Amino acid sequence: MLIFKMNLHTSMAHCFCAVVGALAVLCGSCASTARQVDAEKTVYITNTKKIVLLPPQCMDGTIDALQFFTGTFGERTFSARVYLHADAETISLMLLNDFGVDMGTLTYTNTVISFDSAYIPKKLKPQYIVADLQSAYYQIESLKTLYGQSGLSFIEEISDFATVRKIFDNSRCIETITRQNGSVMIQNHLRGYTYTLEAEP
């Protein structure tokens, strides 16, 4: 199961909601014509090219770590502590404030994708969060096949210092995912957002 636990002040929570809400509108604006049967798992990588999310079984191993989450979208920034757990059965994301109160839960399995929260805008599309996570943590061959079916390229470059994954639409780089020293940075060059997960000691 993938769980994010965020400890954040109320003002930070409002900032987080504003950022992810704006991101949801931006990323989801092209998805209105998707067939209803695929809508819950459909993600537009560009304005015209889409993928259908892979199942959690494509996870490359298991993750279980307390991390610090920072992100930017335009001029907005937010940060929070995050507890990340991922396995081959479930992806979930739980938001907590400083008092340990549940602020919302994202759940993704073979049959369910949902984000239930009184604090997060209803227009937030959880499939876009899952798409970024699968790009960072899923098996590379599964991702290459998935993106190739949509006319996109998914590549991985491994060095002594980092593992870098990139999504291309022809020669244009859409997203860069960098894993290094226990941290993950996701840069979406098309949508204009960046966020980082860094392991805490």
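Residues numbered from 1 in each chain as written. Predicted model: local features only at pLDDT ≥ 70, side-chain atom pairs only at ≥ 80, totals over all residues. Heavy atoms only, no water.

Details of the nonpolar core
Thinking step 1. In terms of nonpolar packing, the biggest core is built from 46 residues, with Ile45, Tyr137, Tyr138 and Tyr147 touching the most fellow members.
Thinking step 2. With seven residues, the single largest contributor to this core is helix 3 (residues 126–137).
Thinking step 3. Setting aside residues no more than four positions away along its own chain, Tyr138 makes contact with Leu54, Pro55, Pro56, Cys58, Met59, Asp60, Ile91, Tyr108, Leu133, Leu143 and Arg165. (Core = buried A, V, L, I, M, F, W, Y, C linked by side-chain atoms within 4.5 Å. Buried < 20%, exposed > 50% of the residue type's maximum accessible area, 1.4 Å probe, protein only. Helix = DSSP H or I, 4+ residues; strand = E, 2+ residues; numbered from the N terminus. Contact = heavy atoms within 4.5 Å.)

A closer look at the confidence of the model for the protein
Thinking step 1. Mean pLDDT over the protein: 80, with 76% of residues reaching 70 or higher.
Thinking step 2. pLDDT under 50 marks residues 24–37. Its contacts with residues more than four places away, or in other chains, come to 19 contacts. (pLDDT = per-residue confidence, 0-100.)

Thoughts on the side chain of Asn188
Thinking step 1. On the secondary structure map, Asn188 appears in strand 11 (residues 183–188).
Thinking step 2. Engagement of the side chain of Asn188 in a polar contact is seen with the side chain of Glu175, the distance being 2.9 Å.
Thinking step 3. Engagement of the side chain of Asn188 in a polar contact is seen with the backbone nitrogen of Leu190, the distance being 3.2 Å.
Thinking step 4. When sequence neighbours within four positions are dropped, the list of residues in contact with Asn188 reads Ile174, Glu175 and Tyr193. (Polar contact = N/O pair within 3.5 Å; in protein donor to acceptor, adjacent residues only side chain to side chain.)

Focus on the packing of aromatic side chains
Thinking step 1. Going through the model one piece at a time under the given rule, you end up with four aromatic pairs.
Thinking step 2. Considering the side-chain rings of Phe69 and Phe78, the 5.4 Å spacing of their centres and the 35° angle between planes classify their relative orientation as tilted. We note that Phe69, like Phe78, is buried.
Thinking step 3. Their ring planes at 35° and their centres at 5.1 Å tell us that Tyr147 and Phe154 sit as a pair that is tilted.
Thinking step 4. Connected via pairs of aromatic rings, a cluster forms that spans Phe69, Phe78, Tyr193 and Tyr195. (Phe/Tyr/Trp six-rings, centres within 6.5 Å; stacked < 30°, edge-to-face > 60°.)

Structural notes on the pairing of strand 8 (residues 153–158)
Thinking step 1. Direction of pairing for strand 8 relative to strand 9 (residues 163–169): antiparallel, over a ladder of six bridges. Each bridged residue has a counterpart across the sheet, and for Glu157 the counterpart in strand 9 is Val164.
Thinking step 2. What sits between the antiparallel neighbours strand 8 and strand 9 is a turn of four residues. (Pairing = 2+ DSSP bridges.)

With respect to unusual backbone geometry
Thinking step 1. Despite not being glycine, Asn170 has its phi angle at roughly 60°, a positive value.
Thinking step 2. Turning to its location among the elements, Asn170 is positioned in the loop between strand 9 and strand 10 (172–180).
Thinking step 3. Here Asn170 falls in the exposed class, since its relative accessible area comes to 66%.

Comments concerning helix 4 (residues 140–148)
Thinking step 1. Within helix 4, the full set of buried residues consists of Ile140, Ser142, Leu143, Leu146 and Tyr147. The buried residues of helix 4 occupy an angular sector of 155° when projected down its axis, which confines them to one face.
Thinking step 2. Contact partners of the buried residues in helix 4: strand 2 (50–52), helix 3, strand 8 and strand 9. (Arc of directions from axis to C-beta.)

A few points about the pairing of strand 4 (residues 76–86)
Thinking step 1. When strand 3 (residues 63–73) meets strand 4, the two strands line up antiparallel, connected through 11 bridges. Of the residues in strand 4, the one forming a bridge with Gly71 is Phe78.

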